[in-house]
Amino acid sequence: MRKAIAFLGIAILSTAIWYFFIKPHDYQVTFEVKTFPGEINQIIKTWGKTQEGSIILDEQPIRELTQQLRFGDSTHIYQWEITPIHDSLSQVRVYAKDRDHSFQNKLSVPFSDTDFEKRTRSSLLDFAEKLNEHRKKFKVEVIGESEIPTTFCACTDVKSSQIGKADGMMRDFPLLTSFLSKNNVPLNGSPFLEVTNWHMGKDSLEFKFCFPIVQSDILPEHPELKYRNFYGKKAIKAIYNGNYISSDRAWYALIDYANKNNIEISKLPIEVFYNNPNMGGDALNWKAEIFMPIKAPTDD
């Protein structure tokens, strides 16, 4: 009997030590979202920019982020875990902690609906609302395996943040169109960009923004313009409809598709644009073809 009581006491003490001093979070929220992990990842960051004191402390692209937020005199830590369930559904777990009042929260949470719990739920409801609003602004349809054709083109080199990709293109759009037109260089297809470096952890890009042109032995020179052959390659393809600012959402859809179908890809996307954003109109009618190159057996 004494051994049983002693064992029970040790078990209770061990549980209490784990709960109050080892358990990394104070409160957990779990919900499902009808989209893919990459979009959720990006909206967490976009939403965070509207929140006081929001900082991404750590990220394991694409499915895990640790975020710091400020609410008055409290600093909250949200650890996000995103798990794909199927093509159009993901589960999100948020482990929330008040950095300076964790012990007090753990003491109160089992017995009352604390201000910390209410604040966490309110924040995550706000996040879910922003995510649902964003989801209505674009469409992505994964087509499957395809091939990008070879072309000759005039290109500029651009460095930008991921969200600044469209601004980088719009900056160089007048240069490419006016210079080529002024010098009577015939266009030979829709403009496209080729990502040459994607730092997913920092959401930064390097890419070439290109206009296909008719190849000629005599082409006008410009210090910011380079002529090159773009060589065709096999890829998986998606159709994106929406503002080109968010066309990277299709990148994540293609990554998910590749993972589920055991296709090895380079994660250096190529986008072909069929609308001029300067002409306006409903962005849901804008179209881009998004390609994620399939690695050849000789690729690193």
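What you are looking at is a predicted structure, and each value in this text was computed from that prediction instead of being measured. (Residues numbered from 1 in each chain as written. Predicted model: local features only at pLDDT ≥ 70, side-chain atom pairs only at ≥ 80, totals over all residues. Heavy atoms only, no water.)

What follows deals with the overall build of the protein. Within the protein, the regular secondary structure consists of 6 helices and 13 strands. Split into buried and exposed, the 300 residues of the protein put 46% on the buried side. Put simply, the protein shows about 16300 Å² of open surface, and 52% of that area lies on carbon and sulfur atoms. (Helix = DSSP H or I, 4+ residues; strand = E, 2+ residues; numbered from the N terminus. Buried < 20%, exposed > 50% of the residue type's maximum accessible area, 1.4 Å probe, protein only. Areas by Shrake-Rupley, 256 points an atom, 1.4 Å probe, with all protein chains shown as cover.)

Let's shift gears to the nonpolar core. Core analysis: the largest hydrophobic core is formed by 44 residues, its most contacted members being L180, W198, F207 and F209. Broken down by secondary-structure element, the contributors of at least two residues to this core are β7 (151–161), α5 (165–182), β8 (192–199), β9 (204–212), β11 (233–242), α6 (249–260) and β13 (287–293). Residues in contact with F209, not counting those within four places in the same chain, are A154, C155, T156, V158, M169, D172, F173, L176, P191, F192 and L193. With 21 residues, the next largest nonpolar core counts I44, Y78, V92 and F127 among its residues. (Core = buried A, V, L, I, M, F, W, Y, C linked by side-chain atoms within 4.5 Å. Contact = heavy atoms within 4.5 Å.)

Okay, unusual backbone geometry next. The phi dihedral of N184 is positive, around 55°, even though this residue is not glycine. By relative accessible area, which is 68% here, N184 ends up exposed. The phi angle at D203 is positive, at roughly 55°, despite the residue not being glycine. Using a relative accessible area of 13% as the deciding quantity, one classes D203 as buried.

Strands pair in a sheet through their backbones, by hydrogen bonds, and they do so in one of two ways: parallel or antiparallel. The sheet built from 5 strands is open, its strands ordered β1-β5-β4-β3-β2 with antiparallel pairing. Pairing within the sheet leaves two strands with one partner each, and these edge strands are β1 (27–33) and β2 (55–60). Taking each pair of neighbouring strands and ignoring which way they run, the sheet shows an average axis angle of 20°. Where β2 meets strand β3 (residues 64–71), 5 bridges bridge the pair, whose relative direction is antiparallel. In the sheet register, D58 faces β3, and the bridge partner there is T66. Where helix α2 (residues 37–48) meets the sheet, its contacts fall on β1, β2, β3, β4 (74–86) and β5 (89–98), and the angle it forms with β4 comes to roughly 160°. (Pairing = 2+ DSSP bridges. Axes fitted to C-alpha atoms, helices over the stretch in contact; angles between N-to-C directions.)

What follows is about α2. A rise of 1.5 Å per residue sets the reference length of α2, with its 12 residues, at 16 Å; its end C-alpha atoms lie 17 Å apart and thus fit the reference within 8%. Burial analysis of α2 places 11 of its 12 residues in the buried class, which makes it a mostly covered element. What α2 keeps buried is the set P37, G38, E39, I40, N41, Q42, I43, I44, K45, W47 and G48. (Expected span 1.5 Å × (residues − 1).)

This structure, assessed with the given rule, holds 11 salt bridges. Residue D126 is joined to K130 by a salt bridge in which the shortest nitrogen-to-oxygen separation is 2.8 Å. A residue pair is termed a helical-turn pair when its members lie 3 or 4 positions apart in one helix, as D126 and K130 do in helix α4 (residues 115–135) at 4 residues. Relative accessible area serves as the criterion here: at 24%, D126 is assigned to the partly exposed category. Here K130 falls in the partly exposed class, since its relative accessible area comes to 31%. The structure contains a network of salt bridges with shared partners spanning K45, E59 and D203. (Salt bridge = Lys/Arg side-chain N within 4 Å of Asp/Glu carboxyl O.)

Further remarks concern the side chain of N241. By secondary structure assignment, the location of N241 is in strand β11. Reaching out from N241, the side chain makes a polar contact with the backbone oxygen of W286 at a distance of 3.1 Å. Each residue touching N241, except ones within four places of it in the same chain, is listed here: K137, F138, K139, A283, L284, W286 and K287. (Polar contact = N/O pair within 3.5 Å; in protein donor to acceptor, adjacent residues only side chain to side chain.)

As for its position among the elements, M170 is in helix α5. Relative accessible area serves as the criterion here: at 29%, M170 is assigned to the partly exposed category. For the pair formed by M170 and N276, sequence separation is 106 residues and the distance between their alpha carbons is 9.8 Å. Apart from residues lying up to four places away in sequence, M170 is in contact with P277 and N278.

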